[in-house]
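# Coordinates in review
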Amino acid sequence: MSLTSDPPIVKAPAEPEDYGALKVVPVRHPWRWAAVIVTAVLLAQFAHGLATNPGWEWEVFAEFFTAEVILKAVWVTLQLTAYGTALGFALGIVLAFMRLSDSPFLKAVSFAYIWAFRSIPLIVQLLFWFNLAYLYKELKFGIPFGPGFFTFDTMGLVGAMSAAVLGLALHQAAYAAEIVRGGVLAVDEGQLEAAAALGIPRLRQIRRIVLPQAMRSILPNAANEVISLFKGTSIVSVMAIGELFYQVQVIYGRNGRVVPLLMVATAWYILLTTALSVLQHYVERHFAKGSTR
């Protein structure tokens, strides 16, 4: 009897198949094509209705789309958006870094502000600032709890436009603070530790290291907030400010052409929102330099 085991049986390699002779059958997607056909039919019906339904009154739309009163209203809307965005994000950055600080007091103040202004509806805030003169007849600046050196009449200081900008900016700051805070927290702390080890001042760390990287996380959410604010300016119509939606309401209240005038406002909102989206794309591409996405 042999003590050695038999060698393993090695199978001969299989002959390679002739792949050129194989018949390639493409994957069929019948439900995908059914969805495409149904969607195309619905879009065609909608486009046909836009073109043939006399209720849209496109001649009235063309008459008022570039009317002087509408163009002035668009300019007011852009002003409200620009002022609200600039002031809101400036205050939001301060609030974000207050909440990121090591001071419990600054953290509490920032958290309370964000909680309050995100909880109160924007229309309530706007009406409150619009009626500020009811609570404070005049504003004094001087020694706290002491005599005042400068006095301003609240009625003349806070008008409708000022109240609208103030309300939009303070409301926007609460959301901007959380957007900026989230972007800063997305930056790896190890980079700050390395910068501190190199002796780079704290302010320069934030300005040259943290914010450029945080912008990639901040920009998409910030752009959404700006677009929302742009459309949300229509809410100031309750204060009789001549922005786009208010002027459209005034015009169709006089001539009764509700649908074409609403389409005028819709078209302007779509055009300007598209322009903001294109601007967002280029700004994001600028700050995405060096990323591997």
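Counting starts from 1 at the beginning of each chain's written sequence and moves along it residue by residue. Only residues with pLDDT of 70 or above have their local features reported here, since the model is predicted, and side-chain atom pairs are shown and tallied only from 80 upward, although totals for entire chains, interfaces and linings are computed over all residues. Calculated side-chain values reflect all of the structure's heavy atoms, with hydrogen atoms and water omitted.

Further remarks concern the packing of aromatic side chains. Here a ring pair, both rings aromatic, is described through the centre-centre distance and the interplanar angle of the planes. Only the six-membered ring of Trp is used, alongside the rings of Phe and Tyr, when aromatic pairs are assigned; centres must lie within 6.5 Å, and planes under 30 degrees apart are stacked while those over 60 apart are edge-to-face, with the rest tilted. The final tally for this structure, using the stated rule, is seven aromatic pairs. Plain terms: the ring middles of Trp56 and Trp58 are 6.0 Å apart, the flat faces sit at 15° to each other, and that makes the pair stacked. Here Trp56 falls in the partly exposed class, since its relative accessible area comes to 22%. Judged by relative accessible area, which is 30%, Trp58 ranks as partly exposed. Of the aromatic side chains, those joined through ring pairs into one cluster are Trp56, Trp58, Phe61, Phe65 and Trp268. A 1.4 Å probe rolled over the protein chains alone gives each residue an accessible area, and that area as a share of the maximum for its type sets the label: buried under 20%, exposed over 50%, partly exposed in between.

An α-helical turn contains 3.6 residues, so a residue and the one three or four places further along point in the same direction. What helix H5 (residues 122–130) keeps buried is the set Leu122, Gln125, Leu126 and Trp129. Looking down the long axis of H5, one finds its buried residues gathered within 100° of arc, a one-sided arrangement. Here, two residues are considered to be in contact whenever any of their heavy atoms come within 4.5 Å of each other. Secondary structure elements follow DSSP: runs of H or I of four or more residues count as helices, runs of E of two or more count as strands, with numbering from the N terminus. Among the structural elements, helix H4 (104–119), helix H6 (132–135) and helix H8 (160–185) are those in contact with the buried residues of H5. Working note: the arc is built from the helix axis to C-beta atom directions.

Salt bridges are defined as contacts in which a side-chain nitrogen from Lys or Arg sits within 4 Å of a carboxyl oxygen from Asp or Glu. This model, assessed by the stated rule, comprises four salt bridges. Its salt-bridge partner being Lys72, residue Glu68 comes within 3.4 Å of it at the nearest N-O pair. One end of the pair, Glu68, and the other, Lys72, are both in helix H3 (residues 68–100), four residues apart, so they sit about a helical turn from each other. Residue class for Glu68 comes out exposed when judged on its relative accessible area of 56%. Notably, a salt bridge pairs Glu178 with Arg99, separated by 2.9 Å at the nearest N-O pair. Taken together, the positions of Glu178 in helix H8 and Arg99 in helix H3 put the pair 79 residues apart, joining distant regions of the chain. It is possible to trace a salt-bridge network through shared partners that takes in Arg99, Glu178 and Arg181.

The patches described consist of residues with a relative accessible area above 30% and no salt bridge, like charges being joined within 9 Å and nonpolar side chains (Val, Leu, Ile, Met, Phe, Trp, Tyr) within 5 Å. The Shrake-Rupley method, run with a 1.4 Å probe sphere, supplies the accessible areas, and residue values consider only the shown protein chains as cover. On the surface, Ile120, Ile123, Val124, Leu127 and Val238 cluster together into a nonpolar patch covering about 360 Å² of accessible area. Positionally, Val124 belongs in helix H5.

This paragraph deals with the confidence of the model for the protein. Averaged over the protein, the pLDDT score is 83; the fraction of residues at 70 or greater is 85%. When pLDDT is averaged over each helix and strand of the protein, the minimum, 65, is found for helix H7 (residues 154–157) and the maximum, 93, for H4. The pLDDT value expresses, per residue, how confident the predictor is, ranging between 0 and 100.

One non-glycine residue, Glu57, lies in positive phi territory at about 50°. For Glu57, the position within the fold is in the loop between helix H1 (30–52) and helix H2 (58–65). Not every positive phi belongs to a glycine, and Ala240 is a case in point at roughly 60°. Looking at where Ala240 falls in the secondary structure, it is placed in the loop between helix H10 (202–232) and helix H11 (244–255).

The subject of this paragraph is the nonpolar core. Ranked by internal contacts, the top residues of the largest apolar core, which has 24 residues, are Leu80, Tyr113, Leu168 and Val236. Looking at this core, the elements that each hand over two or more residues are H3, H4, H5 and H8. A total of eight residues in this core trace back to one element, the largest contributor, which is H8. For this analysis, a nonpolar core means a set of buried residues of the types Ala, Val, Leu, Ile, Met, Phe, Trp, Tyr and Cys, connected via side-chain atoms within 4.5 Å.

The topology assignment puts Phe64 in helix H2. Classification of Phe64 as buried rests on a relative accessible area of 16%. Between the C-alpha atoms of Phe64 and Leu261, which are 197 residues apart in sequence, the distance is 7.5 Å.

Glancing now at the side chain of Thr273. With respect to the helices, strands and loops of the structure, Thr273 is situated in helix H12 (residues 258–287). Apart from the residues within four sequence positions on either side, Thr273 is in contact with Ile227 and Phe230.

For Gln125, the location among the structural elements is in helix H5. Beyond its immediate stretch of four places on either side in the chain, Gln125 contacts Phe117, Ile120, Gly167 and His171.

Glancing now at the packing of H4 against H8. Two measures define how a pair of helices packs: the angle their axes make with one another and the distance between the axes. Each axis is a line fitted through C-alpha atoms, and for a helix only the stretch in contact is used; angles between axes span 0 to 180 degrees, taken between their N-to-C directions. Relative to each other, H4 and H8 sit at 125°, their axes nearing to 9 Å. Comparing the axis directions of H4 and H8 gives the class oblique. Considering the relative orientation of H4 and H8, their crossing is left-handed. Between H4, through Tyr113, Ile114, Phe117 and Arg118, and H8, the contact on the second element is made entirely by Leu170, His171, Ala173, Ala174, Tyr175, Ala177 and Glu178. By the convention adopted, Pro, Cys, Tyr, Trp, Phe, Met, Ile, Leu, Val and Ala count as nonpolar, Lys, Arg, Asp and Glu as charged, and the other residues, Gly among them, as polar. Per-class residue counts for the contact of H4 with H8 are eight nonpolar, one polar and two charged. Any angle from 65 to 115 degrees is called roughly perpendicular, while one under 35 is roughly parallel, one over 145 is roughly antiparallel, and all others are oblique. Handedness of a helix crossing follows the sense of rotation of the near helix relative to the far helix, less than a right angle counterclockwise being left-handed and clockwise being right-handed.

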